[in-house]
Amino acid sequence: MTDSNRPEKRRLSVFGMLLILPAISGAQQLPPVAQQMPKTDAVSYEAKDKEGKPVQVKYQRSQIDSQSDLVKGQIDPGFVNDQYWLLLPLHVAWDGATVTDEGMHETPLAKTSAQKIVVKYAASGYSPGDTWDLYVGPDKRVVEMTYHRAVPAPKLPNLVNAKWEGYKKAGPLLFSTEHHGTADGNPFELTFTDVAVKLKGSKDWINAQ
């Protein structure tokens, strides 16, 4: 998990589905539609380097090993972080993580009652063994989240509590664009702007509103 308040633009083409948590009880059981959502994993990156020079990169994540050190060491980890914040409920269906429904619990920030879904990742990848506690409201939207880092990392938070607010819709997808809370006890804020979606087979981007 890194700071996403950066002047960068990234695009991800996905098939449309409402950004809500699929119904899960006990061990993970994915609905058929979750297995049918294709994703191209094509990344387009635009930013400026430390010297102010423009950087533009396009790559397929399935071919990450053939990319430059800049892509492998900075751009792709940052992209993974950002798109997990945007698409985390869909990753519950995509990633094969261990998912359990722990029933109704009090949320850590607002102290309201919500359904707690625990998502634990395998001990591999960018964030080995990390756990995400998703607190889901009656409308099936994530209202708060707690992130637990399994392996401490320098200059990165180990415990984050964040609200999921500022929901906007782009086509059939619903995104939370505002996250406020605490990171290791310190104030935390992460926001997304200029969010857009391109549906499979379409040439046009749909802006979130």
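The structure we're discussing is the one just above.
Cut-offs and rules
- Within each chain, residues carry numbers counting from 1 in the order of the written sequence.
- This being a predicted model, a pLDDT of at least 70 is required before a residue's local features are given, and a value of 80 or more before pairs of side-chain atoms are given or counted; all residues contribute to the totals for chains, interfaces and linings.
- Only hydrogens and water are set aside when side-chain values are computed; all heavy atoms of the structure are taken into account.
- Burial classification: accessible surface area is computed with a 1.4 Å probe over protein chains only, and a residue below 20% of its type maximum counts as buried, one above 50% as exposed, and the rest as partly exposed.
- Strands are runs of DSSP state E lasting at least 2 residues, helices are runs of H or I lasting at least 4, and numbering of each runs from the N terminus.
- By definition, two strands form a pair when at least two bridges between them are found by DSSP.
- Under the convention used throughout, the expected extent of a helix is 1.5 Å for every residue step, that is, one less than its residue count.
- To get the bend at any residue, fit one axis to the seven residues that end at it and another to the seven that begin at it, then take the angle between the two axes.

Turning next to the pairing of strand E7 (residues 142–148). Side-chain positions along a regular strand alternate between the two faces of the sheet. Of all seven residues in E7, five are buried; the element is thus mostly enclosed. Once strand E6 (residues 131–136) ends, the chain turns through five residues before running back antiparallel as E7, passing lysine 140 with a positive phi of about 70°. Where E7 lies against strand E8 (residues 159–163), five bridges are found, and the strand directions are antiparallel. Bridging from a neighbouring strand, threonine 146 pairs with asparagine 161 of E8.

Bringing unusual backbone geometry into the picture now. Positive phi is not limited to glycine here, since aspartate 184 has a value of about 55°. Tracing the backbone shows aspartate 184 in the loop between strand E10 (173–183) and strand E11 (186–191).

With respect to the element layout, aspartate 139 can be found in the loop between E6 and E7. The class for aspartate 139 is partly exposed, based on a relative accessible area of 46%.

Turning next to helix H2 (residues 69–94). When the terminal C-alpha atoms of H2 are compared, their 27 Å separation across 26 residues is substantially less than the 38 Å that a helix rising 1.5 Å per residue should span. In H2, a bend of some 85° at leucine 87 exceeds every other bend along the element, and proline 89, a proline, comes one to four places later. Burial analysis of H2 places 20 of its 26 residues in the buried class, which makes it a mostly covered element. Where H2 terminates, the next one or two residues include glycine 96, which has phi positive at roughly 75°.

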